[in-house]
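# Fold and contact review
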Amino acid sequence: MTDDKDVLRDVWFGRIPTCFTLYQDEITEREAEPYYLLLPRVSYLTLVTDKVKKHFQKVMRQEDISEIWFEYEGTPLKWHYPIGLLFDLLASSSALPWNITVHFKSFPEKDLLHCPSKDVIEAHFMSCVKEADALKHKSQVINEMQKKDHKQLWMGLQNDRFDQFWAINRKLMEYPAEENGFRYIPFRIYQTTTERPFIQKLFRPVSTDGQLHTLGDLLKEVCPSAVAPEEMWFTWVMPKSDVLMFYLSYC
Amino acid sequence: MEEDEFFGEKTFQHYCAEFIKHSQKIGDGWEWRASKDCSDGYMCKTHFQVKNGTAMSHQGTSAHVQTFLPVEEAVDPPLDDFEVTETTTAAEVIKYEYHVLYSCSYQVPVLYFRASFLDGRPLALKDIWEGVHECYKMRLLQGPWDTITQQEHPILGQPFFVLHPCKTSEFLIPVLKNSRKINRNVNYITSWLSMVGPAVGLNLPLSYATAASQEEGNVSGQGKKRSLHSTFPVAEILGLFCIWLCPPCWTQHFLSLLSPLTGH
């Protein structure tokens, strides 16, 4: 695990240069300038855009403001997806900066979850971590942790504190010496070409005859349509900081 | 992928199929929807309800009242059994959709639901709370974010409300354990849905409980006939009653108390 520390840091500190522009039909008292921000790949839009919100609300009247939401080229952005996932899925072939449009009206109820507070983001994040641990350790590790450990995971993410986060997350990434890996690999495969939001299935890291499975084995098994590597697909592992670890361990 | 828990995906699909068979017999409106790639699917039901409606009872359903009104756009089942008491404006009629999916992470069924007015406006979580029976409110209010949350439907990709699955096995495992000990058929979906459904306005007619015990081709592989006495689903019927009377957290306790009665 210590060998991969550099990789873990690179994943954690990944950033996407983004330009936020107010939607043209929003009512403003004066011109709204675009707002530039480096977004952390491993975080969530509604967690890191307080400054964006404040910037645009300065030129709007209170009565014209309701829940903020973001859109890229007409597609509402799901705040509950990690930022890096959204970018890779929708905008990775476009030139930087990533151009996101900001809305304060007409919340798309059929497409987006509401995000009334930071507590909702925390609950969502923790539920992802718990689900991943259900797959990795039958929830034993996450359930044995105290509430303060759970809180530390969240605070680490919220405050961009790598060491604080990994002090707890490393326990979630361990497995007993006699096992060859986790019980099941927590993964989701996102594709733009499918109606289904993601593919998630049970997949063991080791085959019945003791061979370590590769990423290719996983893809062949759960996503056989993605035959050629040039096809547009993206693999994202829960929790997000496992992605590069996964690639390096199994390819 | 082996299914080493009580409740693998194949078992889930089997119990759903049995459940739907009975639903079709009594016109309860449940159906199976396969995902586009057909690798999996879910069970779903739509019903319409008047918000803050007047009390009306229907034979065979729970003691708690629900008001159904035949509206022009009503989908199956046909509501011929209900009296028309009064007409109401479209804004007061709420469409509820219930979806039962399988969580491979927790290896339990999960209840997804959403509600909207007929003009498409969705109900917010706080509006859903108002529809929750008093009996459940206290327990659910203690930690709404832990129990009912808005989440993305894993097959449709749209926002739904979800009853959190990680607590499901706590109250379901005793039911399964008891039934296996006495070698009796239990439709896991019937038991589970009868426990969690009422908290969010979904009730099951009693006939589901008796149907579960009479089904053939059971999972345990036993095909022998049994006397009426031993098939009487005490646990399920009492389970259904205690749902109507007690919060879900009491149900597990109540069902474990029943084990001497079920004779294991």
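This is a predicted model, so every value here is computed, not measured.

This part covers the interface of chain A and chain B. The interface of chain A with chain B comprises 29 residues on the first partner and 27 residues on the second. The contact between chain A and chain B buries some 2300 Å² in all, and 49% of this surface belongs to carbon and sulfur atoms. Considering only the surface of chain A that becomes buried against chain B, Leu 113, Arg 196 and Leu 202 of chain A emerge as the three largest contributors, covering 26% of it. Remark: the boundary between chain A and chain B carries three salt bridges. Between Lys 78 of chain A and Glu 152 of chain B there is a salt bridge whose closest N-O contact spans 2.4 Å. Linking chain A with chain B are ten residue pairs in polar contact (both at pLDDT 80 or more), by the criterion used here. Sort the elements by how many residues they give to the side of chain A that touches chain B and helix H5 (residues 118–137) of chain A lands first, with six residues. Classifying every residue of the side of chain A that touches chain B by side-chain character gives eleven nonpolar, five polar and 13 charged.

This part is about the sheet that holds strand E6 (residues 159–163) of chain B. Residues and elements named next belong to chain B. Ordered by their spatial adjacency, six strands build an open sheet running E1-E2-E3-E4-E6-E5, and the pairing between neighbours is antiparallel. Here the strands that pair on one side only, and so sit at the sheet edges, are strand E1 (31–34) and strand E5 (148–152). Going from strand to strand, the sheet's axes swing by 35° on average, the running direction of each strand aside. Relative to strand E2 (residues 41–50), E1 is paired through four bridges, and the arrangement is antiparallel. Looking across to E2, one finds that Ala 34 is bridged to Gly 41. Along the sheet face, helix H1 (residues 9–26) touches E1, E2, strand E3 (93–103) and strand E4 (108–117) and points at about 140° away from the line of E1. Against the sheet, helix H6 (residues 188–196) engages E2, E3, E4 and E6, with an angle of about 45° to E4.

With that settled, the discussion passes to the confidence of the model for chain B. Residues and elements named next belong to chain B. Considering every residue of chain B, the mean pLDDT works out to 69; 56% of them sit at 70 or more. Looking over chain B, one finds the lowest element-wise mean pLDDT in helix H8 (residues 228–231), namely 36, and the highest in E1, namely 96. Across residues 53–79, confidence stays below pLDDT 50; counting only partners more than four residues off in sequence or on other chains, it has 48 contacts. Counting interchain partners and residues more than four positions distant, the pLDDT-below-50 stretch residues 81–85 has nine contacts. On the interface metric, ipTM, the complex scores 0.88, and its pTM is 0.78.

Among the residues of helix H9 (residues 215–222) of chain A, Leu 215, Leu 218, Leu 219 and Val 222 of chain A are the ones counted as buried. Mapping the buried residues of H9 of chain A onto a view down its axis gives an arc of 95°, with all of them on the same face.

Looking now at the nonpolar core. Phe 20, Leu 45, Trp 98, Val 102 and Phe 125 of chain A are the most contacted members of the largest nonpolar core, which totals 56 residues. Discounting residues that sit within four places of it in the chain, Leu 45 of chain A has contacts with Leu 39, Phe 70, Leu 77, Trp 79, Ile 83, Leu 86 and Ile 100 of chain A. One finds Ile 94, Val 100, Tyr 102 and Trp 192 of chain B within the second-largest nonpolar core, a separate group that totals 47 residues.

Quick look at the pattern of salt bridges now. In the structure shown here, the tally under the stated rule is 19 salt bridges over all chains. With its nearest N and O atoms 3.4 Å apart, the salt bridge here joins Arg 33 of chain B to Glu 31 of chain B. Residue classification places Arg 33 of chain B among the partly exposed positions, given a relative accessible area of 32%. With a relative accessible area of 35%, Glu 31 of chain B lands in the partly exposed category. Bridged by salt links that share partners, the residues Arg 61, Glu 63 and Asp 64 of chain A form one connected network.

Our focus in this paragraph is the sheet that holds strand E2 (residues 35–40) of chain A. All names here are of chain A. If you trace the five strands from one edge of the open sheet to the other, you get E2-E1-E5-E3-E4, paired in mixed fashion. A single partner strand is all that each edge strand has here, and the edge strands are E2 and strand E4 (75–76). Relative to E2, strand E1 (residues 15–22) runs antiparallel, the two being bridged by six bridges. When the sheet's bridge partners are listed, Pro 17 is paired in E2 with Leu 38.

Next up on the list: the packing of H1 of chain B against H6 of chain B. Residues and elements named next belong to chain B. Where H1 meets H6, the closest approach of the two axes is 8 Å, and the angle between their N-to-C directions is 75°. Relative to H6, the element H1 lies roughly perpendicular. Across the interface between the two elements, Phe 12, Tyr 15, Cys 16 and Phe 19 from H1 touch Tyr 188, Ile 189, Thr 190 and Leu 193 from H6. Its residues placed into classes, the contact of H1 with H6 shows seven nonpolar, one polar and no charged.

In this section: H1 of chain B. Residues and elements named next belong to chain B. Here H1 is 18 residues long and its end C-alpha atoms lie 26 Å apart, about the 26 Å a rise of 1.5 Å per residue gives. Taken as a whole, H1 has its buried residues at Thr 11, Phe 12, Tyr 15, Cys 16, Glu 18, Phe 19, Ile 20, His 22 and Ser 23. Gly 27 sits one or two residues past H1 and shows a positive phi near 65°.

Rules used in this analysis
- Think of each chain on its own: its residues are numbered from 1, step by step along the sequence as written.
- Chain letters and ligand numbers both follow the written order, the letters beginning at A and the numbers at 1.
- Owing to the predicted nature of the model, reporting of local features is limited to residues with pLDDT of at least 70; listing and counting of side-chain atom pairs is limited to 80 or more, with chain, interface and lining totals taken over all residues.
- Computation of side-chain values: all heavy atoms of the structure, hydrogens and water removed.
- What makes two residues a contact is simply this: any of their non-hydrogen atoms within 4.5 Å.
- What counts as buried area is the accessible surface, traced by a 1.4 Å probe, that two parts surrender upon association, with contributions from both included.
- Every case where a carboxyl oxygen of Asp or Glu lies within 4 Å of a side-chain nitrogen of Lys or Arg is listed as a salt bridge.
- Whenever two N or O atoms come within 3.5 Å, that pair is a polar contact, provided that in protein one can donate a hydrogen and the other can accept it, and provided that, for residues adjacent in sequence, both atoms are side-chain atoms.
- A run of H or I in DSSP counts as a helix once it spans at least four residues, and a run of E counts as a strand once it spans at least two, with each numbered from the N terminus.
- Polar here means any residue outside two lists: the nonpolar Ala, Val, Leu, Ile, Met, Phe, Trp, Tyr, Cys and Pro, and the charged Asp, Glu, Lys and Arg; Gly therefore counts as polar.
- By the convention used here, strands pair only if DSSP detects at least 2 bridges between them.
- Fitted lines through C-alpha atoms serve as axes, helices being fitted only where they are in contact, and the angles separating the N-to-C directions of these axes extend from 0 to 180 degrees.
- Scored from 0 to 100, pLDDT records how confident the predictor is in each individual residue.
- For the exposure calls, accessible area comes from a 1.4 Å probe over protein chains only, and a residue counts as buried if that area is under 20% of its type's maximum, exposed if over 50%, partly exposed in between.
- The directions from the helix axis to the C-beta atoms are what the arc is built from.
- Definition used in this section: a nonpolar core is a set of buried Ala, Val, Leu, Ile, Met, Phe, Trp, Tyr and Cys residues joined via side-chain atoms within 4.5 Å.
- Convention used here: angles under 35 degrees read as roughly parallel, angles over 145 as roughly antiparallel, angles from 65 to 115 as roughly perpendicular, and any remaining angle as oblique.
- By this rule the span expected of a helix is its residue count minus one, scaled by 1.5 Å.

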